[in-house]
Amino acid sequence: MDKNEQKALWDAQDIASETAYAVTNDPTRCVRCGLCVAFCPCDVLELDEEGYPYAAHIDNCVGCTTCAGNCPQRALLVEAQGDATFDPLADEPRAEPVSEELRAQYAEWQRVIMEKLGLRWQPVAVSLIDKDEPLPAAPLPPENLRFCQAMMAARRGASILMPPYRHACPDGTSIFGMTGVPEKLATGEIYVLFHKLVNAEAAARMVAERPTLEPKSRRATYVAPLDKTVREPEVVVFTGTPEQMMWLCMSMSYYTGHRFDFHASGYNSMCVEAVLYPMLEQQPNITFGCYGCRAATDLGEDMMFMGVPTSALPTVVKGLTELAKKSIPHSRMKIYVPPIM
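Rules used in this analysis
- Residues numbered from 1 in each chain as written.
- Predicted model: local features only at pLDDT ≥ 70, side-chain atom pairs only at ≥ 80, totals over all residues.
- Heavy atoms only, no water.
- Buried < 20%, exposed > 50% of the residue type's maximum accessible area, 1.4 Å probe, protein only.
- Helix = DSSP H or I, 4+ residues; strand = E, 2+ residues; numbered from the N terminus.
- Pairing = 2+ DSSP bridges.
- Phe/Tyr/Trp six-rings, centres within 6.5 Å; stacked < 30°, edge-to-face > 60°.
- Lys NZ or Arg CZ within 6 Å of the ring centre and 35° of its normal.
- Polar contact = N/O pair within 3.5 Å; in protein donor to acceptor, adjacent residues only side chain to side chain.
- Contact = heavy atoms within 4.5 Å.
- 1 Å grid on protein atoms, 1.4 Å probe; cavity = no way out; pocket = protein on both sides within 12 Å on 5 of 7 lines; lining within 4 Å.
- Points joined across faces, edges and corners; volume = space filled by probe spheres on them.
- Expected span 1.5 Å × (residues − 1).

A. A look at the pairing of strand 8 (residues 235-240). In terms of burial, strand 8 is largely enclosed, as 6 of its 6 residues are buried. Sheet topology places strand 5 (residues 124-130) next to strand 8; 3 bridges connect them, and they run antiparallel. Residue pairing across strands places Val124 opposite Val237, the latter belonging to strand 8. By the bridge criterion, 6 bridges tie strand 8 to strand 10 (residues 304-309) in an arrangement that is antiparallel. Looking across to strand 10, one finds that Thr239 is bridged to Phe305.

What follows is the structure, given as C-alpha coordinates:
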(Lines give C-alpha, C1' and ligand atoms only; values in the text may rest on other atoms or scores of the structure.)
Protein backbone atom coordinates (compact mmCIF):
# COMPACT_ATOMS: atom_id res chain seq x y z
CA MET A 1 0.00 0.00 0.00
CA ASP A 2 1.54 3.35 -1.05
CA LYS A 3 1.18 6.69 0.71
CA ASN A 4 -1.78 7.87 -1.36
CA GLU A 5 -3.62 4.59 -0.83
CA GLN A 6 -3.01 4.81 2.91
CA LYS A 7 -4.36 8.35 3.04
CA ALA A 8 -7.42 7.29 1.08
CA LEU A 9 -8.00 4.44 3.54
CA TRP A 10 -7.47 6.81 6.45
CA ASP A 11 -10.10 9.20 5.08
CA ALA A 12 -12.58 6.41 4.36
CA GLN A 13 -12.21 4.48 7.60
CA ASP A 14 -11.57 6.32 10.85
CA ILE A 15 -10.04 3.39 12.70
CA ALA A 16 -7.99 1.88 9.89
CA SER A 17 -4.65 0.38 10.87
CA GLU A 18 -1.70 0.18 8.51
CA THR A 19 -0.41 -2.66 10.65
CA ALA A 20 -2.38 -5.80 9.78
CA TYR A 21 -3.54 -8.04 12.61
CA ALA A 22 -4.75 -11.61 12.85
CA VAL A 23 -7.16 -12.67 15.59
CA THR A 24 -7.33 -16.39 16.29
CA ASN A 25 -9.53 -18.28 18.73
CA ASP A 26 -8.68 -21.58 20.40
CA PRO A 27 -11.94 -23.60 20.38
CA THR A 28 -10.58 -26.01 22.98
CA ARG A 29 -10.45 -23.15 25.50
CA CYS A 30 -13.30 -20.94 24.27
CA VAL A 31 -16.54 -21.18 26.29
CA ARG A 32 -18.51 -19.10 23.74
CA CYS A 33 -19.43 -16.44 26.27
CA GLY A 34 -19.27 -13.62 23.70
CA LEU A 35 -17.38 -11.23 25.98
CA CYS A 36 -14.70 -10.65 23.35
CA VAL A 37 -17.34 -9.47 20.87
CA ALA A 38 -18.92 -7.17 23.45
CA PHE A 39 -15.61 -5.64 24.57
CA CYS A 40 -14.08 -5.02 21.12
CA PRO A 41 -14.29 -1.23 20.71
CA CYS A 42 -13.92 -1.41 16.93
CA ASP A 43 -16.53 -4.11 16.13
CA VAL A 44 -13.97 -6.48 14.67
CA LEU A 45 -15.50 -9.70 15.99
CA GLU A 46 -18.73 -11.59 15.42
CA LEU A 47 -19.96 -15.01 16.50
CA ASP A 48 -20.25 -17.81 13.95
CA GLU A 49 -23.16 -20.24 13.71
CA GLU A 50 -21.71 -22.34 16.53
CA GLY A 51 -21.18 -19.34 18.80
CA TYR A 52 -17.41 -19.05 18.39
CA PRO A 53 -15.88 -15.60 17.77
CA TYR A 54 -14.12 -14.79 14.52
CA ALA A 55 -12.63 -11.65 12.97
CA ALA A 56 -15.45 -10.65 10.61
CA HIS A 57 -14.04 -7.14 10.12
CA ILE A 58 -10.31 -7.58 10.59
CA ASP A 59 -9.48 -4.33 8.76
CA ASN A 60 -10.95 -2.48 11.73
CA CYS A 61 -8.50 -4.06 14.19
CA VAL A 62 -6.01 -1.67 15.81
CA GLY A 63 -4.32 -4.30 17.97
CA CYS A 64 -5.60 -2.99 21.31
CA THR A 65 -6.01 -6.60 22.61
CA THR A 66 -9.09 -5.60 24.64
CA CYS A 67 -10.82 -8.72 23.37
CA ALA A 68 -8.00 -11.02 24.48
CA GLY A 69 -7.59 -9.25 27.81
CA ASN A 70 -11.25 -9.80 28.68
CA CYS A 71 -11.43 -13.43 27.60
CA PRO A 72 -11.89 -15.47 30.81
CA GLN A 73 -10.18 -18.49 29.23
CA ARG A 74 -7.40 -16.61 27.39
CA ALA A 75 -8.61 -18.29 24.20
CA LEU A 76 -7.94 -15.33 21.89
CA LEU A 77 -4.61 -14.32 20.36
CA VAL A 78 -4.04 -11.02 18.55
CA GLU A 79 -0.87 -10.92 16.43
CA ALA A 80 0.63 -8.31 14.12
CA GLN A 81 1.18 -9.46 10.55
CA GLY A 82 3.28 -8.36 7.59
CA ASP A 83 6.22 -5.97 7.37
CA ALA A 84 6.46 -4.16 10.68
CA THR A 85 9.02 -1.69 9.28
CA PHE A 86 6.79 -0.39 6.46
CA ASP A 87 6.11 3.35 6.74
CA PRO A 88 3.66 4.79 4.17
CA LEU A 89 4.85 8.31 5.06
CA ALA A 90 8.57 7.60 4.73
CA ASP A 91 8.98 9.74 1.60
CA GLU A 92 7.16 12.74 3.03
CA PRO A 93 9.38 15.79 3.73
CA ARG A 94 9.91 16.25 7.47
CA ALA A 95 9.77 19.40 9.57
CA GLU A 96 12.89 21.30 10.50
CA PRO A 97 14.00 20.40 14.04
CA VAL A 98 14.17 22.90 16.86
CA SER A 99 17.33 24.98 17.05
CA GLU A 100 20.36 23.69 18.92
CA GLU A 101 19.98 26.64 21.29
CA LEU A 102 16.42 25.66 22.19
CA ARG A 103 17.33 22.01 22.49
CA ALA A 104 20.14 22.94 24.89
CA GLN A 105 17.64 24.98 26.90
CA TYR A 106 15.27 22.01 27.12
CA ALA A 107 18.14 19.78 28.22
CA GLU A 108 19.12 22.19 30.98
CA TRP A 109 15.54 22.49 32.19
CA GLN A 110 15.26 18.70 32.29
CA ARG A 111 18.52 18.40 34.21
CA VAL A 112 17.48 20.95 36.85
CA ILE A 113 13.95 19.62 37.30
CA MET A 114 15.05 15.99 37.61
CA GLU A 115 17.84 16.92 40.02
CA LYS A 116 15.74 19.13 42.31
CA LEU A 117 12.81 16.70 42.46
CA GLY A 118 14.81 13.48 42.38
CA LEU A 119 12.71 12.16 39.49
CA ARG A 120 13.23 8.59 38.35
CA TRP A 121 11.65 9.08 34.93
CA GLN A 122 12.46 11.68 32.30
CA PRO A 123 9.87 14.40 31.63
CA VAL A 124 8.10 13.74 28.32
CA ALA A 125 7.55 16.40 25.67
CA VAL A 126 4.18 15.87 23.96
CA SER A 127 3.31 17.24 20.53
CA LEU A 128 -0.01 16.96 18.72
CA ILE A 129 0.77 17.45 15.04
CA ASP A 130 -1.71 19.62 13.15
CA LYS A 131 -3.41 18.16 10.07
CA ASP A 132 -1.50 20.55 7.76
CA GLU A 133 1.82 20.40 9.60
CA PRO A 134 4.83 18.43 8.35
CA LEU A 135 5.76 15.50 10.56
CA PRO A 136 8.86 15.66 12.75
CA ALA A 137 11.75 13.36 11.93
CA ALA A 138 11.11 10.56 14.40
CA PRO A 139 10.63 6.78 14.14
CA LEU A 140 7.29 4.99 14.07
CA PRO A 141 6.91 2.06 16.46
CA PRO A 142 7.12 -1.36 14.75
CA GLU A 143 3.76 -2.31 16.23
CA ASN A 144 0.72 -0.33 17.29
CA LEU A 145 0.91 1.17 20.78
CA ARG A 146 -1.54 2.81 23.12
CA PHE A 147 -0.65 6.45 23.74
CA CYS A 148 0.07 5.66 27.39
CA GLN A 149 2.48 2.93 26.25
CA ALA A 150 4.27 5.41 23.98
CA MET A 151 4.54 7.73 26.98
CA MET A 152 6.02 4.88 29.03
CA ALA A 153 8.67 4.34 26.37
CA ALA A 154 9.38 8.08 26.11
CA ARG A 155 9.96 8.54 29.83
CA ARG A 156 12.49 5.72 29.49
CA GLY A 157 14.27 7.55 26.65
CA ALA A 158 12.49 6.71 23.37
CA SER A 159 11.22 9.14 20.73
CA ILE A 160 8.03 7.94 19.02
CA LEU A 161 5.89 9.34 16.20
CA MET A 162 2.42 7.81 15.85
CA PRO A 163 -0.08 8.62 13.10
CA PRO A 164 -3.54 7.25 13.97
CA TYR A 165 -2.84 3.90 12.32
CA ARG A 166 0.00 3.31 14.79
CA HIS A 167 -2.28 3.92 17.79
CA ALA A 168 -3.79 0.87 19.48
CA CYS A 169 -6.40 2.84 21.42
CA PRO A 170 -9.31 4.32 19.44
CA ASP A 171 -10.31 6.30 22.52
CA GLY A 172 -7.03 8.20 22.37
CA THR A 173 -7.11 8.84 18.62
CA SER A 174 -10.62 10.29 18.83
CA ILE A 175 -9.83 12.42 21.90
CA PHE A 176 -6.78 13.84 20.13
CA GLY A 177 -8.79 14.70 17.00
CA MET A 178 -7.10 12.21 14.69
CA THR A 179 -10.19 10.10 13.99
CA GLY A 180 -13.86 9.90 14.75
CA VAL A 181 -15.03 7.96 17.79
CA PRO A 182 -16.38 4.38 17.62
CA GLU A 183 -19.98 4.00 18.74
CA LYS A 184 -19.21 1.95 21.86
CA LEU A 185 -16.87 4.68 23.06
CA ALA A 186 -19.13 7.58 22.07
CA THR A 187 -22.03 6.18 24.10
CA GLY A 188 -19.84 5.05 27.00
CA GLU A 189 -21.19 1.51 26.62
CA ILE A 190 -17.77 -0.07 26.92
CA TYR A 191 -17.08 1.67 30.25
CA VAL A 192 -20.15 -0.02 31.71
CA LEU A 193 -18.92 -3.38 30.39
CA PHE A 194 -15.64 -2.79 32.19
CA HIS A 195 -17.58 -2.06 35.40
CA LYS A 196 -15.87 1.31 35.57
CA LEU A 197 -19.20 3.16 35.71
CA VAL A 198 -22.54 2.11 37.11
CA ASN A 199 -24.75 2.62 34.05
CA ALA A 200 -25.09 4.18 30.61
CA GLU A 201 -26.20 7.53 32.05
CA ALA A 202 -23.05 7.89 34.15
CA ALA A 203 -20.91 6.76 31.23
CA ALA A 204 -22.52 9.24 28.86
CA ARG A 205 -21.88 12.05 31.34
CA MET A 206 -18.22 11.12 31.70
CA VAL A 207 -17.80 11.14 27.91
CA ALA A 208 -19.67 14.43 27.54
CA GLU A 209 -17.58 16.21 30.19
CA ARG A 210 -14.18 15.39 28.74
CA PRO A 211 -12.58 17.76 26.22
CA THR A 212 -11.76 16.48 22.74
CA LEU A 213 -10.22 18.01 19.65
CA GLU A 214 -12.13 18.33 16.39
CA PRO A 215 -12.05 15.08 14.35
CA LYS A 216 -9.33 15.04 11.67
CA SER A 217 -7.76 18.22 13.08
CA ARG A 218 -4.54 16.39 14.08
CA ARG A 219 -2.53 13.86 12.10
CA ALA A 220 -0.11 12.36 14.63
CA THR A 221 1.24 12.37 18.16
CA TYR A 222 4.94 12.77 18.86
CA VAL A 223 6.49 12.07 22.25
CA ALA A 224 10.11 12.22 23.39
CA PRO A 225 12.17 13.00 26.48
CA LEU A 226 12.27 16.77 26.86
CA ASP A 227 15.99 16.91 26.13
CA LYS A 228 15.57 14.92 22.89
CA THR A 229 12.51 16.51 21.33
CA VAL A 230 12.90 17.85 17.79
CA ARG A 231 9.68 19.89 17.97
CA GLU A 232 8.44 22.51 20.41
CA PRO A 233 5.96 20.57 22.55
CA GLU A 234 2.56 21.81 23.67
CA VAL A 235 2.80 20.01 27.01
CA VAL A 236 5.44 18.31 29.16
CA VAL A 237 4.26 15.40 31.30
CA PHE A 238 5.99 14.44 34.55
CA THR A 239 5.72 11.05 36.25
CA GLY A 240 6.44 10.81 39.95
CA THR A 241 5.24 10.32 43.49
CA PRO A 242 2.53 12.52 45.02
CA GLU A 243 5.25 14.27 47.02
CA GLN A 244 7.20 15.11 43.86
CA MET A 245 4.04 16.38 42.18
CA MET A 246 3.39 18.56 45.24
CA TRP A 247 6.74 20.31 44.82
CA LEU A 248 6.18 20.64 41.09
CA CYS A 249 2.87 22.35 41.83
CA MET A 250 4.48 24.58 44.45
CA SER A 251 7.19 25.64 42.02
CA MET A 252 4.49 27.26 39.87
CA SER A 253 2.92 28.95 42.92
CA TYR A 254 6.21 30.09 44.45
CA TYR A 255 6.12 33.61 43.05
CA THR A 256 2.35 34.19 43.18
CA GLY A 257 0.78 32.00 45.87
CA HIS A 258 -1.83 30.94 43.30
CA ARG A 259 -3.91 27.83 44.07
CA PHE A 260 -4.69 25.65 41.05
CA ASP A 261 -8.00 24.08 40.11
CA PHE A 262 -7.20 20.58 38.89
CA HIS A 263 -9.40 18.29 36.79
CA ALA A 264 -8.75 14.74 37.95
CA SER A 265 -10.59 11.43 37.75
CA GLY A 266 -9.84 7.83 36.91
CA TYR A 267 -10.80 8.17 33.24
CA ASN A 268 -8.69 9.02 30.16
CA SER A 269 -5.84 10.06 32.43
CA MET A 270 -3.01 10.50 29.99
CA CYS A 271 -4.77 11.80 26.89
CA VAL A 272 -7.36 14.07 28.55
CA GLU A 273 -5.98 15.04 31.94
CA ALA A 274 -2.22 15.06 31.39
CA VAL A 275 -2.26 16.50 27.86
CA LEU A 276 -5.51 18.15 26.72
CA TYR A 277 -6.36 20.12 29.87
CA PRO A 278 -2.88 21.70 30.15
CA MET A 279 -2.83 22.34 26.39
CA LEU A 280 -6.29 23.89 26.11
CA GLU A 281 -6.33 25.81 29.40
CA GLN A 282 -2.62 26.66 29.59
CA GLN A 283 -2.62 25.55 33.20
CA PRO A 284 -0.95 22.58 34.91
CA ASN A 285 -3.09 19.57 35.71
CA ILE A 286 -2.60 16.54 37.92
CA THR A 287 -3.92 13.07 37.14
CA PHE A 288 -3.89 9.89 39.17
CA GLY A 289 -3.65 7.56 36.20
CA CYS A 290 -6.52 5.49 34.85
CA TYR A 291 -7.50 1.88 34.25
CA GLY A 292 -5.84 1.83 30.82
CA CYS A 293 -2.52 3.46 31.66
CA ARG A 294 -2.13 1.30 34.76
CA ALA A 295 -3.17 -1.99 33.12
CA ALA A 296 -1.07 -1.43 30.00
CA THR A 297 2.15 0.13 31.35
CA ASP A 298 4.74 -0.18 34.11
CA LEU A 299 3.18 2.60 36.21
CA GLY A 300 3.61 1.80 39.88
CA GLU A 301 0.83 2.08 42.45
CA ASP A 302 2.70 4.95 44.12
CA MET A 303 3.07 7.04 40.97
CA MET A 304 0.95 9.72 39.28
CA PHE A 305 1.32 12.40 36.61
CA MET A 306 1.27 16.12 36.06
CA GLY A 307 0.94 17.81 32.68
CA VAL A 308 2.48 21.27 32.43
CA PRO A 309 2.17 23.67 29.47
CA THR A 310 5.61 24.22 28.01
CA SER A 311 5.30 27.96 28.59
CA ALA A 312 5.37 27.32 32.37
CA LEU A 313 8.72 25.50 32.39
CA PRO A 314 10.89 28.58 33.10
CA THR A 315 8.79 29.25 36.20
CA VAL A 316 9.04 25.59 37.23
CA VAL A 317 12.83 25.68 36.98
CA LYS A 318 13.18 28.92 38.93
CA GLY A 319 10.66 27.90 41.57
CA LEU A 320 12.20 24.47 42.15
CA THR A 321 15.66 26.01 42.40
CA GLU A 322 14.43 28.21 45.25
CA LEU A 323 12.45 25.46 46.98
CA ALA A 324 15.47 23.15 46.84
CA LYS A 325 17.53 25.57 48.91
CA LYS A 326 15.58 24.78 52.08
CA SER A 327 11.96 23.62 51.82
CA ILE A 328 12.47 20.39 49.89
CA PRO A 329 15.44 19.03 51.88
CA HIS A 330 13.98 20.06 55.26
CA SER A 331 10.65 18.42 54.47
CA ARG A 332 12.33 15.22 53.34
CA MET A 333 14.49 15.21 56.49
CA LYS A 334 11.27 15.30 58.58
CA ILE A 335 12.76 18.03 60.75
CA TYR A 336 9.58 18.54 62.79
CA VAL A 337 9.07 14.91 63.74
CA PRO A 338 9.53 14.63 67.55
CA PRO A 339 12.41 12.45 68.72
CA ILE A 340 11.41 8.87 69.38
CA MET A 341 11.69 8.32 73.16
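The discussion continues.
B. Fine view of the packing of aromatic side chains. Applying the stated criterion across every chain yields a total of 6 aromatic pairs. Centre to centre, the rings of Phe194 and Tyr291 are 5.1 Å apart; their planes meet at 55 degrees, and the pair counts as tilted. Taken together, the residues Phe194 in the loop between helix 8 (189-193) and helix 9 (200-209) and Tyr291 in helix 12 (residues 291-295) connect sequence positions 97 residues apart. Residues Tyr254 and Tyr255 carry aromatic rings whose centres are separated by 4.9 Å and whose planes lie at 80 degrees to one another, so their mutual orientation is edge-to-face. Ring-pair connections join several aromatic residues into one group, and the members of that group are Phe39, Phe194 and Tyr291. Directly above the aromatic system of Phe194 lies the positively charged group of Lys196, at a separation of 5.0 Å from the ring centroid. Positioned over the ring face of Tyr255 is Lys318, at 5.7 Å from the centre of the ring.

C. Spatial organisation of the side chain of Asp171. Take Asp171: it is sitting in helix 6 (residues 170-175). The buried category is assigned to Asp171, whose relative accessible area is 7%. Polar contacts involving the side chain of Asp171 include one to the side chain of Asn268, which spans 3.3 Å. The contact partners of Asp171, leaving out residues within four places of it in the chain, are Leu185, Tyr191, Arg210 and Asn268.

D. Focus on empty space enclosed by the protein. Counted according to the given criterion, the structure contains 3 cavities of 30 Å³ or more. Volume-wise, the largest cavity comes out at about 100 Å³. If you go around the largest cavity, you meet 14 residues; those closest to its centre are Cys40, Val44, Cys61, Cys64 and Cys67. In this structure, the second largest cavity occupies an estimated 80 Å³ of space.

E. Representation of helix 4 (residues 100-117) within the structure. Between its first and last C-alpha atoms helix 4 spans 26 Å; for 18 residues at 1.5 Å apiece the expected length is 26 Å, and the two agree. All of the buried residues along helix 4 are Tyr106, Trp109, Gln110, Val112, Ile113, Met114 and Leu117. With its phi angle positive at about 70 degrees, Gly118 sits one or two positions after the end of helix 4.

Just distances and angles here, no functional claims.
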